[in-house]
Amino acid sequence: MIVQALTLTLRLAVMVSLILLIVGIPLACWLAFSPRRWKFFVEALVSLPIVLPPTVLGFYLLVALGPLSPVGRWYQAIAGHTLAFTFAGLVIGSVLYSLPFAVQPMTTSFAAVDRKLLQASALLGASRWRTFWRILLPLGLPGVLTGFVLSFAHTLGEFGVVLMIGGNIPGATRTISILIFDQVEALDYAAANRSALLLLALCFVLLAALHGLRRHALWNLWDWR
Amino acid sequence: MSAASTGEELSVRIRKSFAGERSSSFLLEVEFTASPGFTILFGASGAGKTTLLDCIAGLQIPEAGRIAIAQDVFFDSAARVNLPANRRSVGYLLQSLALFPHMTVRQNVQYGLQGLVSAEREARSGQMLESFRIAALAGRRPGELSGGERQRAALARALVMRPRALLLDEPLTALDAAVKAQIVDDLRAWNERQRISILYVTHQREEAFALGERVIALEAGRIVSQGSAHEVLHRPELETVAQLAGFENIFDCSLVAAHPEQGTMTCRVSGSNLDLEVPLSRIDRSRRLRIGIRAGDILLASSAPRQLSARNVFPGTIERLEQRDMMVIAAVNCGPVFEVHVTPSARESLQLRKGSETWLVVKTYSCQVMQGSG
């Protein structure tokens, strides 16, 4: 049971952090460099999940993914079932819920890259694309990695949103944190302890690795092209 | 690329408002052409020099005007042309140099050569590293270089692309004289072969003199004077340019007497009893009269000098003495306080100290009469 929940959790975390890597980098670039006045609006929207109770986000997602919304109906028409209470629905919810944890460190570290370096790159004939790959991304890499690891770890520990939109289906939506809740409800404290300890250790190792990496290894990462 | 050797002219006409030093808004409005070779853009900070270079390079967009090299138009507000910076092939050495910190010197220099096959890229960067004497440092990162080495790396990086014009924003200000002179020599040698227009921004008079085939003085967004370094810097018509041109001593004065038969006049420094004998000039009494004297043109003597051609000899007391690089700066109180520059060896032989008595000697023709607009 715990193995099944663990694999599911890890699968979810890997998918969510990879999606956030792909979605988060362009979003963070835009937030760091766009001169638009209404940027603050998007910034607020992105950081909303930090303060919002997971139940609020979960509730609206449940409605949006279910047969009551056009999106939910459209998906149901194609797939034959709703997104709610499925692994795919869980991924969508987790991506939204972990968005600020990925985007904020990336934005900070892109914004900290000296604009003069980006100008120098253009003056040397580089396109925006080349400037991104050769200058902005390598120099912003610490923030990108931080965002990746944080969103991964945050997804591991997520509970409320998962419960709201995923429910508790073994093998499909029952993650470790849900399992722990189940075990406690069933008064099986020994099993809950094992699951909790596993999650605790996993998160600790991840964060320790992140902070360790930050201290020295990142300069060497610059060597890759 | 081949065009560079024929020597193309850079022509600039720009109007742009920009934020000045004290966040007040200035209007930059200039028009000039720069032929191949060095052209010095000379002016105080906040005069609009950097804004001007940014516009030429394509980092900022002027409100109106036209920028072109030979027949190629980079910017033309009337024709709605605005080539982005990465397609102008203008070399621009930013004041901060902006070397890429995560790349070695070689990678930095090769950055602009993306379109070439690797053999050619190696050959060209290698040659450039040689001509700027940094081949031995090719494997280092910018953080491991000295100030002068960083300048050389940034120059090599800009020039290896064979730009059609080169813009330098006070690139050598922070370097000591010897290193500076050597880098300038290397740059000159390089330009003998390439013949491109080099716009060199500085606010240091010495630098303008050392480099300038032609000097353009800029103030508050406008060209106030242009010509040879001597014309612009030695006989300033406008007080503002003179102040920039490094008159360390500028005194408000009033005319006491004119001596047309001797070609001189006597002026009293306001708020003192000190009379200066200065060259006879046409004076407009409605305008403020000032006398400028360069600190390096003043002599010091340990005892009262006799039988001297210089007309201005005053006793004084040394109030302050400090050494900067190879120059000793003394503040001598003779009523008004004069700033005087002497060599360290002169300080030794005259035994100059704070509080010691000294004599100050100024030739009549070292006194520059200026009349401001106010």
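Residues numbered from 1 in each chain as written. Chains lettered and ligands numbered in written order. Predicted model: local features only at pLDDT ≥ 70, side-chain atom pairs only at ≥ 80, totals over all residues.

### Points about the overall build of chain B
Then comes step 1: Counting secondary structure elements, chain B contains 10 helices and 21 strands.
Then comes step 2: Taken along the three principal axes of its C-alpha coordinates, chain B extends 75 × 50 × 35 Å.
Then comes step 3: Out of the 374 residues in chain B, the part that is buried amounts to 38%.
Then comes step 4: Taking the intrachain contacts of chain B between residues at least 6 apart in sequence as the baseline, contacts between residues at least 24 apart amount to 66%. (Helix = DSSP H or I, 4+ residues; strand = E, 2+ residues; numbered from the N terminus. Buried ≥ 20, exposed ≤ 12 C-beta atoms within 10 Å, placed from the backbone. Contact = placed C-beta atoms within 7 Å.)

### Some remarks on the interface of chain B and chain A
Then comes step 1: Contacts between chain B and chain A engage 16 residues on the former and 16 residues on the latter.
Then comes step 2: Split into classes, the residues belonging to the side of chain B that touches chain A amount to 9 nonpolar, 6 polar and 1 charged. (Nonpolar A, V, L, I, M, F, W, Y, C, P; charged D, E, K, R; others polar.)

### Section: the environment of A:G147
Residues and elements named next belong to chain A.
Then comes step 1: Take G147: it is sitting in helix α7 (residues 128-156).
Then comes step 2: C-alpha of G147 to C-alpha of S17: the two residues are 130 residues apart in sequence and 8.5 Å apart in space.
Then comes step 3: Once residues within four sequence positions are removed from consideration, G147 is found in contact with G24, F101, A102, V103, P105 and M106.

### A short note on the domain arrangement of chain B
Then comes step 1: Domain boundaries in chain B define domain 1 (2-238) and domain 2 (249-371).
Then comes step 2: The straight-line distance from the C-alpha centre of domain 1 of chain B to that of domain 2 of chain B is 38 Å. (Domains from an automatic or database assignment.)

### Structural notes on the sheet that holds strand β21 (residues 367-371) of chain B
Residues and elements named next belong to chain B.
Then comes step 1: If you walk across this open sheet you meet the 5 strands as β14-β13-β12-β15-β21, and the pairing is antiparallel. Here the strands that pair on one side only, and so sit at the sheet edges, are β14 (275-279) and β21. Ignoring which end each strand starts from, the neighbouring axes of this sheet average 45° apart.
Then comes step 2: Across 5 bridges, strand β12 (residues 249-259) lies against strand β15 (residues 289-293) in antiparallel orientation. Looking at the pairing, I250 lines up with G292 of β15. (Pairing = 2+ DSSP bridges. Axes fitted to C-alpha atoms, helices over the stretch in contact; angles between N-to-C directions.)

### Points about the pairing of strand β9 (residues 197-202) of chain B
Residue and element names in this part refer to chain B.
Then comes step 1: In terms of burial, β9 is a largely internal element, 6 of the 6 residues being buried.
Then comes step 2: In β9, alternate side chains face the same way, and those of S197, L199 and V201 on one face and I198, Y200 and T202 on the other are all buried.
Then comes step 3: The pairing of strand β3 (residues 37-42) with β9 spans 6 bridges and is parallel. Across the sheet, residue G37 finds its bridge partner in β9, namely S197.
Then comes step 4: Alignment of strand β8 (residues 165-169) against β9, held across 5 bridges, turns out to be parallel. Residue L168 lies in a different strand from β9, and its bridge partner there is Y200.

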